[in-house]
Every structure is written in C-alpha cells, then in structure tokens.
Amino acid sequence: MHADTYRHRGLRRALVEELRRKGIRDERVLTAIGTVPRHLFFEAAFQPHAYQDKAFPIGEGQTISQPYTVAYQTELLQVQPGERVLEIGTGSGYQCCVLLELTPHVFSIEYNQVLFERTARRLATLHRPAHLFCGDGSLGLPQHAPFDKILVTAGSPALPRPLLRQLRVGGSLVIPVGDEHTQRMVRVVRESEEEFSRQVLEEFRFVPLLGQAGWKE
Ligand code: SAM
C-alpha cells in the first residue's frame, strides 16, 4: 500500500522531464517533485494515473493539483531552507510534502474536516512532520505569523488582506485570483510594512477558496 517501487521512481523521473520541457527550471523544485511519491496521495482507484501531469479527485469535491501547477507555484515561491511557509488548502497533502523538501517549517491549513483528518493521518504514516490545521485559511494563521512565504492552492476572488498582513517584510504570497472559472497567478511581495508589489502571471483553473476572505458559501 505504501510501497514506492522502482517503477514508481521511473515514472517520477519521466514526470520531472515532462515538467522541465514545460518550462520548470528550478532544480530544487524538480528534485522535490522527483522525490515525493505522488501515488501515495491518491485513492486506490486513481493510483495508476498518479504520474500523469493532471489534476485528480481526492474526495469531498476537491482535487490534487496538476504537477505542473504544483511545480509552477513552488518555483514562484522561491523557498529558501529554514524559511517559514504557510500553505492554504492542504487537500491531499502532496504540495505540503513538496514544500517540506525545501524547508522543515511548513504550516498548512485545510477547511474541510474530512480531508484534514485523512491527510493528517497520511502525513503521520509517511513521517512528514508538517504543522497541520483545520479552519478558514483565508484568514491565515495569525498565531504563527509572520511567514516568509504564503501559498494559496485554491482560487480567490481577491487578495485576502489577512494573508498580506501575515507576510514578513521581504516575504511573498503566491495566489490564483479571478472568477469561479479562471484565475491568473499573482505573486505579491511585501516591500515594506505598507508597500506591496505584484506580478500577474499565467492563467489557471482552481477550485474556489472558501471562507471569510474568499468566496462565500
Ligand atoms: N494543495 C492540495 C494538494 O496538494 O492536494 C490541493 C488543494 S485543492 C486544489 C484546494 C484545497 O483548498 C481543497 O482541499 C479545499 O478544501 C481547500 N480550501 C478551500 N477553501 C479553503 C479555506 N478557506 N481554507 C483552507 N482550505 C481551503
């Protein structure tokens, strides 16, 4: 069940080469994708497809993001060893484990109680020591702020103010922003206490960020 075989490692190497061809350049990100056994984050029925560059259902109407999207967001974050990273939308825990390959200080928050419990058990079994929380991640985790990097893995209608406030000066937020159908990836850097700069990048399609600073349910 938790086996990571020679065949899986071969499929991961092929996935890494596919991501390289699609434009991912950061070798640390590619190494992380080549290390984390993505098939262990899937329900049994979807496991044979785990190394396709596609999003898949993980239950509760949610998805594990496409590997290209995971690599693209992680590359934009430019996580340095030792930095404190907050992920909004733990989902399967896969992105969280990719981040753990880059820094040991990963905080992740999931809104859906069922997914939260399932993924907390999964990461314990896999001995991946992330700090996991259940709640409305659109409000961030003020009790653990500030963060060097914040990554949102669900589509938001706007930049959530609580997340901007929880960035340390010099830190950055990567978040898809748009309507229910498509979003543009946005990278915001906190230049000073009061100043933020922003880059608007490629188009993506995410499940909605729910909650007080996201979409109302
Ligand atoms: N990063 C995940 C992974 O690696 O499997 C995929 C995330 S999935 C595309 C988006 C996740 O965001 C879903 O699990 C959803 O329940 C969660 N979500 C939506 N709104 C949220 C909120 N306000 N706070 C925390 N999680 C939220």
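The coordinates are above.
Everything quoted here is computed from the prediction, not taken from an experiment. (Residues numbered from 1 in each chain as written. Predicted model: local features only at pLDDT ≥ 70, side-chain atom pairs only at ≥ 80, totals over all residues. Heavy atoms only, no water.)

Some words on the side chain of Gln-73
Here's step 1: By secondary structure assignment, the location of Gln-73 is in helix α3 (residues 67-77).
Here's step 2: Within the structure, the side chain of Gln-73 is placed 3.1 Å from the backbone oxygen of Val-152, a separation counted as a polar contact.
Here's step 3: Leave out the neighbours within four places in its chain, and Gln-73 touches Gln-95, Leu-151, Val-152, Thr-153, Val-174, Pro-176, Met-185 and Phe-206. (Helix = DSSP H or I, 4+ residues; strand = E, 2+ residues; numbered from the N terminus. Polar contact = N/O pair within 3.5 Å; in protein donor to acceptor, adjacent residues only side chain to side chain. Contact = heavy atoms within 4.5 Å.)

Some points on the site of the ligand
Here's step 1: Near the ligand lie 27 residues; those nearest to it are Glu-87, Ser-92, Glu-110, Gly-137 and Leu-210.
Here's step 2: Note that a nitrogen atom of the ligand is positioned 2.9 Å from one of the side-chain N or O atoms of Glu-87.
Here's step 3: Between the ligand and Thr-153, the relevant distance is 3.3 Å, taken from a nitrogen atom to a side-chain nitrogen or oxygen of the residue.
Here's step 4: Here the ligand loses 99% of its free accessible area of 600 Å² to cover by the protein chains.
Here's step 5: Listed by contribution, the elements that provide at least two residues to the shell around the ligand are β2 (62-64), β3 (84-88), α4 (94-100) and β4 (105-110).
Here's step 6: Top contributing element to the shell around the ligand by residue count: β2, with three residues.
Here's step 7: Looking at the shell around the ligand residue by residue, the class counts come to eleven nonpolar, 13 polar and three charged. (Near = heavy atom within 4 Å. Areas by Shrake-Rupley, 256 points an atom, 1.4 Å probe, with all protein chains shown as cover. Nonpolar A, V, L, I, M, F, W, Y, C, P; charged D, E, K, R; others polar.)

Focus on the environment of Ala-154
Here's step 1: Structurally, Ala-154 is set in the loop between β6 (147-152) and α6 (161-165).
Here's step 2: Residue classification places Ala-154 among the buried residues on the basis of a relative accessible area of 8%.
Here's step 3: Expressed as a C-alpha distance, the spacing of Ala-154 and Met-185, which sit 31 residues apart in the sequence, is 11 Å.
Here's step 4: Apart from residues no more than four positions distant in its own chain, Ala-154 is found in contact with Pro-176, Phe-206, Val-207, Pro-208 and Leu-209. (Buried < 20%, exposed > 50% of the residue type's maximum accessible area, 1.4 Å probe, protein only.)

Remarks on the nonpolar core
Here's step 1: Counting 42 residues, the largest nonpolar core has Leu-19, Ile-24, Ile-33, Phe-41 and Tyr-94 as the members making the most contacts within it.
Here's step 2: Of all elements in the fold, only α1 (6-21), α2 (27-35), β1 (56-59), α3, α4 and α5 (113-125) reach the threshold of two or more residues within this core.
Here's step 3: With residues up to four places along the chain from it excluded, the contact list for Phe-41 reads Val-36, Ile-58, Ile-64, Ser-92, Gly-93, Tyr-94, Cys-97, Arg-122, Leu-123 and Leu-126.
Here's step 4: Of all hydrophobic cores here, the second largest spans 19 residues; its members include Leu-86, Phe-147, Leu-164 and Val-188. (Core = buried A, V, L, I, M, F, W, Y, C linked by side-chain atoms within 4.5 Å.)

Overview of the packing of aromatic side chains
Here's step 1: Applying the stated criterion across every chain yields a total of nine aromatic pairs.
Here's step 2: With a centroid separation of 5.8 Å and 40° between ring planes, the pair formed by Tyr-68 and Tyr-72 is classed as tilted. Linking Tyr-68 with Tyr-72, this pair stays in helix α3, spanning four residues, or about one helical turn.
Here's step 3: With a relative accessible area of 13%, Tyr-68 lands in the buried category.
Here's step 4: The rings of Tyr-68, Tyr-72, Phe-204 and Phe-206 are connected pair by pair, giving a single aromatic cluster. (Phe/Tyr/Trp six-rings, centres within 6.5 Å; stacked < 30°, edge-to-face > 60°.)

Thoughts on the packing of α1 against α2
Relative orientation and spacing of two packed helices are given, respectively, by the angle between their axes and the distance between those axes.
Here's step 1: Contact pair α1 / α2: the axes reach a minimum separation of 8 Å and the direction vectors enclose 150°. Taken together, the axis directions place α1 and α2 in an arrangement best described as roughly antiparallel. Seen along the crossing, α1 lies across α2 with a hand that is right-handed. Across the interface between the two elements, Arg-12, Leu-15, Val-16, Leu-19 and Arg-20 of α1 pack against Glu-27, Leu-30, Ile-33, Gly-34 and Thr-35 of α2.
Here's step 2: Tallied by class, residues from the contact of α1 with α2 come to five nonpolar, two polar and three charged. (Axes fitted to C-alpha atoms, helices over the stretch in contact; angles between N-to-C directions. Parallel < 35°, antiparallel > 145°, perpendicular 65-115°, else oblique. Left-handed = near helix turned anticlockwise from the far one by under 90°.)

Observations concerning α2
Here's step 1: Every buried residue of α2 is listed here: Val-29, Leu-30, Ala-32 and Ile-33. Down the axis of α2, the smallest arc covering the buried residues is 160°, so these residues share one side.
Here's step 2: Packed against the buried residues of α2 are α1, α3 and α4. (Arc of directions from axis to C-beta.)

Let's talk about the pattern of salt bridges
Here's step 1: In total, this model carries nine salt bridges according to the counting rule given.
Here's step 2: Residue Arg-118 pairs with Glu-43 through a salt bridge whose shortest N-O separation is 3.7 Å. A residue pair is termed long-range when its members are at least 10 positions apart, and Arg-118 in helix α5 and Glu-43 in the loop between α2 and β1 qualify at 75 residues.
Here's step 3: Residues participating in the shared-partner salt-bridge network are Glu-17, Arg-20 and Glu-27. (Salt bridge = Lys/Arg side-chain N within 4 Å of Asp/Glu carboxyl O.)

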